[in-house]
Amino acid sequence: MATTLITNIGSLVTNDPDLGAGPLGLIRDAALVLDGDRVAWVGAAASAPDADARHDAEGRAAHPGFVDSHAHLVFAGDRTAEFDARMSGQAYQAGGIRTTVAATRAASDEHLAANAAYLVEEAARQGTTTIEIKSGYGLTVADEERALRIASAFTTETTYLGAHIVAPEYADDVAGYVDLVTGPMLDACAPHARWVDVFCERGAFDGDQARAILKAGAARGLIPRVHANQLGHGPGVQLAVELGAASADHCTHLTDADVDALAAGDTVATLLPGAEFSTRAVYPDARRLFAAGVDIALSTDCNPGSSYTTSMPFCIALAVRDMGMTPDQALYAATAGGARALRRADVGVLRPGARADVVELDAPSHVHLAYRPGVPLVRGVWRAGLRVRASDRG
């Protein structure tokens, strides 16, 4: 395997305090060596060893690849009309998911795979090197199973979300749909998934139904995560902590008891500012969570209804501007925080032995991700040691 030296990095975020300054493990005038798909060496550029190939960062900043731990990429159609209506004053309702369900069911495998591939590549151009993909737009045994099969071509982080909403055919038989989700649908989907998720929210599944779904998934070896407390106060966050879920996602409406539960447990609070942006909802107060000692991840929630973005830099800018995060906190949440939400120690960090996922910015500091919102700052991306993105600029 060939080695690559990336040198003359003006500002390198490692996310390892043992390697550099502060929680970001920041190293000035840095370099790193990639050996195959792993990081082999990190340190000062003046002390860097030789390598087979060399890339000069010319003083630019670099950081670990983004870890997007919450995305819905297997779908068909779009919901432009719904977005337009919301921007004209209508409130967001979870029932809009049914529009995507109908389009997804009608689409071919080839169409769904092509759309997912497009979105994964779009995310990679913006620095995302690890992405989670959920099912949830099929809501039949066959459609949920094929969604996970398709997702598995792009990531090992696949999530069974048959409990996204109640399928239209079961509108008058929610208990029957829960039986389907915890029985034949789970049987078909479990071999293709690592995670099980549920939308615990008004208009979707209540606490008892969500608990039954998550426990059934856990019994099949799937690790729980929860869509929790997006539209209002509810049991989702505390259920996530009770069941040892890897993450409680959204966390928009939290009581003091919810915050205390997150702080006392191992469940990561995954914040999804793209959803608040797209629905004109109140943003979560990240400062409140940080003050309590809660672990936080930042993700896109890419989906066609309530957050149609693959851009982690955009979400970082929103988190800094509207959720009270500092630029350092937002970058950490979008990298190491996402890795923790996926229970991964090999991504979201740049230290020897970690996967060689590196983002080079066309900027002198990672702070520019929030300082220059909307600007395409990602110049180069290495995923597992391979350069998958190089800017045409410069």
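Note that the structure is predicted; figures quoted are calculated from it, not measured. (Residues numbered from 1 in each chain as written. Predicted model: local features only at pLDDT ≥ 70, side-chain atom pairs only at ≥ 80, totals over all residues. Heavy atoms only, no water.)

### Digging into the layout of surface pockets
Alright, step 1. In this model, the largest pocket occupies a volume close to 290 Å³.
Alright, step 2. Together, 15 residues line the largest pocket, and Phe290, Asp295, Ile296, Tyr332 and Ala333 are the ones closest to its centre.
Alright, step 3. Examining the composition of the lining of the largest pocket, we find that 7 residues originate from one element, helix H13 (residues 327-341), more than from any other. (1 Å grid on protein atoms, 1.4 Å probe; cavity = no way out; pocket = protein on both sides within 12 Å on 5 of 7 lines; lining within 4 Å. Points joined across faces, edges and corners; volume = space filled by probe spheres on them. Helix = DSSP H or I, 4+ residues; strand = E, 2+ residues; numbered from the N terminus.)

### What to know about the sheet that holds strand E8 (residues 133-134)
Alright, step 1. If you walk across this open sheet you meet the 7 strands as E8-E9-E10-E11-E12-E13-E14, and the pairing is parallel. The sheet is open, and its two edges are formed by E8 and strand E14 (296-298), each paired on a single side.
Alright, step 2. Relative to strand E9 (residues 158-163), E8 runs parallel, the two sharing 2 bridges. Following the sheet pairing, lysine 134 is matched in E9 by threonine 159.
Alright, step 3. Sitting on the sheet, H13 is in contact with strand E10 (195-200), strand E11 (223-228), strand E12 (247-250), strand E13 (268-271) and E14, with an inclination near 105° to E14. (Pairing = 2+ DSSP bridges. Contact = heavy atoms within 4.5 Å. Axes fitted to C-alpha atoms, helices over the stretch in contact; angles between N-to-C directions.)

### Some thoughts on the nonpolar core
For soluble globular proteins, nonpolar side chains are generally found buried alongside one another.
Alright, step 1. Among the nonpolar cores identified, the biggest contains 85 residues, and Tyr160, Leu298 and Met325 are the most heavily contacted of them.
Alright, step 2. When near neighbours in sequence (up to four residues on either side) are disregarded, methionine 325 contacts Leu271, Ala286, Phe290, Ile296, Leu298, Ala319, Val320, Ala330 and Ala333.
Alright, step 3. Counting 15 residues, the second-largest nonpolar core is a separate cluster that includes Leu12, Ile27, Leu350 and Val358. (Core = buried A, V, L, I, M, F, W, Y, C linked by side-chain atoms within 4.5 Å. Buried < 20%, exposed > 50% of the residue type's maximum accessible area, 1.4 Å probe, protein only.)

### Observations regarding the environment of isoleucine 296
Alright, step 1. Examined against the element boundaries, isoleucine 296 turns out to sit in strand E14.
Alright, step 2. Overall, isoleucine 296 belongs to the buried group, its relative accessible area being 6%.
Alright, step 3. C-alpha of isoleucine 296 to C-alpha of serine 247: the two residues are 49 residues apart in sequence and 9.1 Å apart in space.
Alright, step 4. Isoleucine 296 has contacts with Val268, Ala269, Leu271, Ala286, Leu289, Phe290, Met325, Ala333 and Gly337, leaving out every residue within four places of it along the chain.

### Brief notes about unusual backbone geometry
Negative phi characterises most residues that are not glycine, and trans characterises most peptide bonds.
Alright, step 1. Phi angles above zero are rare outside glycine, and asparagine 15 is one such case at about 65°.
Alright, step 2. Position of asparagine 15 among the secondary structure elements: in the loop between strand E1 (3-12) and strand E2 (27-35).
Alright, step 3. Residue asparagine 15 is classed as buried on the basis of its relative accessible area of 5%.
Alright, step 4. Of note in the backbone geometry, alanine 384 takes a positive phi value of approximately 50° without being a glycine.
Alright, step 5. Residue position: alanine 384 is located in the loop between strand E16 (378-383) and strand E17 (386-390).

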